Amino acid sequence: MLKKTMVLAGLLAMAGVTQAEEVVRLGNLKFAHYGAVSYIKEIAPKCGIKVEERVFAKGLDAMQAVIAGELDVGAVSSEAAISARASGTPITLVAGFAKGGARLVGRADLKISSVKDLKGKKVGVTRGGIQDILLAAELAQNGLTFSDQPGKDVQIIYLGFPDLNQALLGKNIDAIMQSEPYSSQAINKGFAKEIIKPYDTPIGEPVRTMVMTDKFIKERRPVAEKFMRCFVEATRTFIDKPEVAEKYVRENMFKGQITHDDFADAIENSPYSYDVTAEHIQITTDLMQKYGIGKMSKPPVAKEWVKTDLLDQAKKALNVK
């Protein structure tokens, strides 16, 4: 009887280990265009996995959790992934889940219709984000000098994403390079107006990226494959069924804090997608180095760590072009 009990206990313990291995720890951000990634946890049981999602204020915070070994997968802006890889973090960039997602907006009561009109103004942005890179690139190609200290053509004010809107509303700053849906929300509430969508720099439309730890891919590749198929299925659902995407993002992610117009305008400027290229990541890396964003002593070479084989396999299995 004791022997049977021990055998049963051993089997249950083994089952517990197997079940634990099926859990994927996901880091994500609270933006409309991160919605399909968040949706993965809802359909994960159908994919044969369980997804535990943690939401972070910005990509650099999520990458710190990856570095600490607390996450298997991270959904972040490209610059956060690049910075982490540059610091020696063993990660692989495996997919792109949205593109665009940035907008330069100015106070509605000011006559700012172009980047050149920002001379003499205070412009807010979140430090280290893709918007920071886009702002630097836009100012530079329009011949404007900039610093977070007074004395240059443009003074940069660093704030968190929600705080940027509040500073613009309070007229403490003149313009912001903002992420979605916050930029659409500022416009729809009437205290901001669009200056440009900043996609005329060498980066083009920035791609939001999904990274996996090398440990996760190497030691648990079957689970990584299941997760990737789940990502492709979630993204396809959000692209093909925008009503599902809107309901999930507005109700589950933002708890009714954004309107239908906020969501629609945000996704028009940051559509869901699957793909990323090493070329795009290399251009982003080069501009980060040029403008001193990320402070990388040894910038990573994109082709060495951008690997889309898991994505290609998942898309083929689900017949997604």
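Everything numeric here is computed off the predicted structure, so don't read it as measured data. (Residues numbered from 1 in each chain as written. Predicted model: local features only at pLDDT ≥ 70, side-chain atom pairs only at ≥ 80, totals over all residues. Heavy atoms only, no water.)

Novice: An account of helix α5 (residues 130-141) is needed here, citing residue identities and associated values.
Specialist: With twelve residues, α5 should cover 16 Å at 1.5 Å per step; its first-to-last C-alpha distance of 17 Å lies within 8% of that length. For α5, a buried count of ten out of twelve residues is recorded, marking the element as mostly surrounded by other parts of the structure. All of the buried residues in α5 are I130, Q131, D132, I133, L134, L135, A136, A137, E138 and L139. Looking one or two residues past α5, G143 carries a phi angle of roughly 75°, positive in sign. (Helix = DSSP H or I, 4+ residues; strand = E, 2+ residues; numbered from the N terminus. Expected span 1.5 Å × (residues − 1). Buried < 20%, exposed > 50% of the residue type's maximum accessible area, 1.4 Å probe, protein only.)

Novice: Describe the pattern of salt bridges, with residues and values.
Specialist: Two side chains carrying opposite charge are able to pair once their charged atoms lie near each other. Tallied over the full model, the rule gives 21 salt bridges. Of the charged contacts in the structure, one is a salt bridge between D174 and R107, with a shortest N-O distance of 3.2 Å. Remark: R107 occurs in strand β5 (residues 102-107) and D174 occurs in the loop between α6 (161-169) and β9 (175-179); sequence separation between them is 67 residues. R107 carries the same exposure label as D174, and that label is buried. Ionic pairing is found between E225 and R221, a salt bridge with its closest N-O pair at 3.4 Å. Separated by four residues within a single helix, E225 and R221 lie in helix α9 (residues 221-240), roughly one turn from each other. (Salt bridge = Lys/Arg side-chain N within 4 Å of Asp/Glu carboxyl O.)

Novice: Tell me what's going on with the packing of aromatic side chains, and back it up with residues and numbers.
Specialist: Following the criterion strictly, the structure yields nine aromatic pairs and no others. Ring geometry for F31 and Y34: centres 5.4 Å apart, planes at 50°, overall tilted. Both residues of the pair, F31 and Y34, belong to the buried class. The rings of F31, Y34, F97, F161 and Y182 are connected pair by pair, giving a single aromatic cluster. One Lys or Arg, R127, reaches over the ring of Y158 and ends 3.9 Å from the middle of that ring. (Phe/Tyr/Trp six-rings, centres within 6.5 Å; stacked < 30°, edge-to-face > 60°. Lys NZ or Arg CZ within 6 Å of the ring centre and 35° of its normal.)

Novice: Report on the sheet that holds strand β6 (residues 122-125), specifying residues and quantitative values.
Specialist: Pairing is mixed in the open sheet, where six strands are placed in the order β7-β8-β6-β9-β5-β10. Either end of the sheet is taken by a strand with one partner, and the two such strands are β7 (146-147) and β10 (192-196). By the bridge criterion, two bridges tie β7 to strand β8 (residues 154-158) in an arrangement that is parallel. Paired with S147 across the two strands is Q155, which belongs to β8. Against the sheet, α5 makes contact with β5, β6, β7, β8, β9 and β10, and its axis sits at roughly 135° relative to β9, the strand it touches most. (Pairing = 2+ DSSP bridges. Contact = heavy atoms within 4.5 Å. Axes fitted to C-alpha atoms, helices over the stretch in contact; angles between N-to-C directions.)

Novice: If you had to explain the state of the cysteines to someone new, which residues and values would you point to?
Specialist: All told, the structure shown has one disulfide when counted by the stated rule. Disulfide pairing places C47 opposite C230 at an S-S distance of 2.2 Å. On the S-S bond that ties C47 to C230, the torsion sits near 85°, and the link is right-handed. One end of the pair, C47, is in the loop between α2 (35-43) and β2 (50-56); the other, C230, is in helix α9, and 183 residues separate them in sequence. You can call C230 buried: its relative accessible area is 0%. (Disulfide = S-S within 2.5 Å.)

Without other data, these values stay purely geometric and don't point to any function.
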